[in-house]
Amino acid sequence: MGIINKIKQFCFVALRIKKYQLLSDCKSVSGKPKVYHPLVMKGKGRIVFGKNVQMGVVSAPNFYSHYSFLEVRNEYSEINIGNNVSISNSFSVECFSKVVIEDNVLIGDNCSIMDNDGHDLDIDERNSGIPKAKDVCICQNVFLGSNVIILKGVTIGKNSVIGNGSVVTQNIPENVIAAGNPAKVIRSL
């Protein structure tokens, strides 16, 4: 790598990664992912990384312009990412209860997982209430395409593929391809 490329790498990647590490305030993080893209970890809960977890992909969209965001809002909130998981750029998880990503999962760029409603759905409690939350599980060997949104209470069965731009609102069985808004099974694998 030439001197110009080293300077670019330092200025546009290494410094950004360090900046977002400094902005992180989650005190309970175990495991050490390979971080190639800025990552913020916020909240009072727990984040667990398995072995060989990769955050960020140099040759994917949003590498220089975005960051990834993991939030474990409450003391009992937990994000658990298994072994051999590869997560592309601009990934986010907002966790009030529990989000599990099992082993050998591939996640495309700009994907989002929310295990809660974001705000209470009751009109009078919308700004002050506690949103309802339900656990999310992405089972082994799942592949999420780019721009996938996964909502509360969803389990995606092992080996399944979720097509680009899908919004997953209900459970997806094992060994299928699902796509759409809302995501529906379109064929078996």
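Please refer to the structure placed before this passage.
Remember, it's a predicted structure, so these values are computed and weren't measured experimentally.

So, how was this worked out
- Residues numbered from 1 in each chain as written.
- Predicted model: local features only at pLDDT ≥ 70, side-chain atom pairs only at ≥ 80, totals over all residues.
- Heavy atoms only, no water.
- Helix = DSSP H or I, 4+ residues; strand = E, 2+ residues; numbered from the N terminus.
- Buried < 20%, exposed > 50% of the residue type's maximum accessible area, 1.4 Å probe, protein only.
- Contact = heavy atoms within 4.5 Å.
- Phe/Tyr/Trp six-rings, centres within 6.5 Å; stacked < 30°, edge-to-face > 60°.
- Polar contact = N/O pair within 3.5 Å; in protein donor to acceptor, adjacent residues only side chain to side chain.
- Pairing = 2+ DSSP bridges.

**Here we look at the overall build of the protein chain**
So, point 1. What the protein chain contains, in helices and strands, is 1 helix and 20 strands.
So, point 2. Along the first, second and third principal axes, the C-alpha set of the protein chain runs to 55 × 45 × 30 Å.
So, point 3. Buried positions account for 42% of the 189 residues belonging to the protein chain.
So, point 4. Sequence-distant contacts, at least 24 apart, represent 35% of the contacts inside the protein chain between residues at least 6 apart.

**Some words on the packing of aromatic side chains**
So, point 1. This model, assessed by the stated rule, comprises 2 aromatic pairs.
So, point 2. Between Tyr20 and Tyr67, the aromatic rings sit 4.7 Å apart at their centres with planes inclined by 20°, giving stacked as the arrangement. Taken as a pair, Tyr20 in helix α1 (residues 3-23) and Tyr67 in the loop between β5 (54-55) and β6 (68-72) lie far apart in primary sequence, 47 residues in all.
So, point 3. Relative to Tyr64, the ring of Phe63 has its centre 4.9 Å away and its plane inclined at 85°; by these criteria the two rings are edge-to-face.
So, point 4. Looking at Phe63, the relative accessible area reads 6%, which means it is buried.
So, point 5. Residue Tyr64 is classed as exposed on the basis of its relative accessible area of 54%.

**Description of the side chain of Arg16**
So, point 1. Relative to the assigned elements, Arg16 resides in helix α1.
So, point 2. Of the polar contacts made by the side chain of Arg16, one reaches the backbone oxygen of His66; its length is 2.8 Å.

**Some points on unusual backbone geometry**
So, point 1. Between Asn181 and the following residue, Pro182, the backbone shows a cis peptide bond with an omega angle of 0°.
So, point 2. Topologically, Pro182 is positioned in the loop between β19 (176-180) and β20 (183-188).
So, point 3. Despite not being glycine, Asn84 shows a phi value in the positive range, around 55°.
So, point 4. Relative to the elements of secondary structure, Asn84 occurs in the loop between β7 (78-81) and β8 (86-87).
So, point 5. One non-glycine residue, Asn159, lies in positive phi territory at about 70°.

**Some thoughts on the sheet that holds β7**
Hydrogen bonds between backbone groups are what pair the strands of a sheet, and the pairing can be parallel or antiparallel.
So, point 1. An order of β1-β4-β7-β10-β13-β16 is seen for the 6 strands of this open sheet, with the pairing classed as parallel. Each of the sheet's edge strands pairs with one partner strand only, and the pair in question is β1 (28-30) and β16 (155-156).
So, point 2. Pairing of β1 with strand β4 (residues 46-49) involves 3 bridges; the strand directions are parallel. Residue Ser30 lies in a different strand from β4, and its bridge partner there is Val48.

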